[in-house]
Amino acid sequence: MTPTLILAIAGGVLIAAGVYLLLERSLMRILAGVMIAGNGVNLLFLVSSGPAGLAPIVGEPQGEIADPLPQAMVLTAIVISLATSAFLLAMSYRSFQLEGHDEVADDVEDAIVRRRAQADLSSEAYSDQAPEAQPDTESGGRSGDPDAARDGSAR
């Protein structure tokens, strides 16, 4: 195996580990996932830039000039990663101050969507198109019928 292939595999492993940590509920694990995935992407940028050791001087032969763009992109990615890490650290610290933990809470709307999907209920817009659908019990008795919405009665 060549060093380039080993570095590419290492970059892929770092990205996979970072994505796995991003899917966790703790903000500190999300922060670690962002940092690890960012390092994996930076490693892949440098691997894709070609072999190291080429001269960045214009006076050299045309085929032996190093491309400075990947290094510039990695430097930019490092700065963005630092800003994102600082933001996630501040969010995690504030969440720990307010709630005593840094777990991401479920959103109320996400819970409603999850219950609708489990009950296989349709939305209000879809119930206008399909009158044979079951009544929507999750939205407080509202249905696609505009007369029922005006007088407050449900189907």
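Our subject is the structure that appears above.
Remember, it's a predicted structure, so these values are computed and weren't measured experimentally. Numbers given to residues run from 1 along each chain, matching the order in which its sequence is written. Thresholds applied to this predicted model are a pLDDT of at least 70 for local features of residues and 80 or more for the giving and counting of side-chain atom pairs; totals over whole chains, interfaces and linings are not thresholded and use all residues. To obtain the side-chain values, all non-hydrogen atoms of the structure were used and water was disregarded.

### Concerning the overall build of the protein
A run of H or I in DSSP counts as a helix once it spans at least four residues, and a run of E counts as a strand once it spans at least two, with each numbered from the N terminus. When helices and strands are tallied, the protein shows six helices and zero strands. Taken from N to C terminus, the helices and strands of the protein fall in the order α-α-α-α-α-α. Across the 155 residues in the protein, those meeting the buried criterion constitute 18%. Pairs of residues are marked as contacts when any of their non-hydrogen atoms sit within 4.5 Å. Considering only intrachain contacts with a sequence separation of at least 6, the fraction spanning at least 24 residues in the protein is 44%. Only protein chains enter the accessibility calculation, which uses a 1.4 Å probe. A residue is then buried if its area is under 20% of the maximum for its type, exposed if over 50%, and partly exposed in between.

### Observations regarding the side chain of D102
Among the secondary structure elements, D102 is positioned in the loop between α3 (69-99) and α4 (108-119). His is not counted here, nor are the chain ends, while Lys and Arg score as positive and Asp and Glu score as negative. Think of a salt bridge as a Lys or Arg side-chain nitrogen and an Asp or Glu carboxyl oxygen that are within 4 Å of each other. Within the buried set, D102 has no salt-bridge partner at all; the shortest N-O distance to an opposite charge, 7.9 Å, is to R29. Here a polar contact is recorded for every N or O atom pair within 3.5 Å, except that within protein the pair must consist of a potential hydrogen donor and a potential acceptor, and residues adjacent in sequence are included only if both atoms are side-chain atoms. Polar contacts involving the side chain of D102 include one to the side chain of S26, which spans 3.1 Å. In this structure, D102 is in contact with R25, S26, L27, M28, S92 and S95, ignoring residues within four places of it in sequence.

### So, a nonpolar patch on the surface
Taken together, L5, I9 and V13 make up a surface patch of nonpolar side chains, about 260 Å² in accessible area. We classify V13 as exposed; its relative accessible area is 53%. Distance thresholds for patches are 9 Å for like charges and 5 Å for nonpolar side chains (Val, Leu, Ile, Met, Phe, Trp, Tyr), applied to residues having over 30% relative accessible area and no salt bridge. Only the protein chains shown count as cover for residues, with accessible areas throughout obtained via the Shrake-Rupley method and a probe of 1.4 Å.

### So, the side chain of S85
Along the chain, the position of S85 falls in helix α3. Once you skip the residues sitting within four places of it in the chain, S85 turns out to touch L31 and M35.

### Let's talk about the pattern of salt bridges
Tallying each qualifying case throughout the model produces one salt bridge. The partner of E24 in a salt bridge is R29, and the shortest N-O contact between them spans 3.5 Å.

### Description of helix α1 (residues 3-22)
Given a rise of 1.5 Å per residue, 20 residues ought to cover 28 Å, and the 28 Å separating the end C-alpha atoms of α1 matches this to within 8%. Of all the residues in α1, the buried ones are G11, G18 and L21. Taken around the axis of α1, the buried residues stretch over an arc of 90 degrees, which confines them to a single face. Exposed and facing more than 90 degrees away from the buried side of α1 are V13 and Y20. Buried residues in α1 make contact with α2 (27-48). One fewer than the residue count of a helix, multiplied by 1.5 Å, yields its expected span. In this context, the arc is that of the directions from the helix axis out to the C-beta atoms.

### So, the packing of α1 against α2
The axes of two packed helices give the description: the angle between them and the distance between them. In this analysis, axes come from line fits to C-alpha atoms, helices being fitted only over the stretch in contact, and the angle between any two N-to-C directions falls in the range 0 to 180 degrees. Packing of α1 against α2 leaves a shortest axis separation of 7 Å and a crossing angle of 160 degrees. By the angle between their axes, α1 is roughly antiparallel relative to α2. In terms of crossing hand, the pair formed by α1 and α2 is left-handed. Orientation labels follow simple angle bins: below 35 degrees gives roughly parallel, above 145 gives roughly antiparallel, 65 to 115 gives roughly perpendicular, and whatever is left gives oblique. Helix crossings are classified by the rotation of the near helix relative to the far one: an anticlockwise turn of less than a right angle makes the crossing left-handed, while a clockwise turn makes it right-handed.

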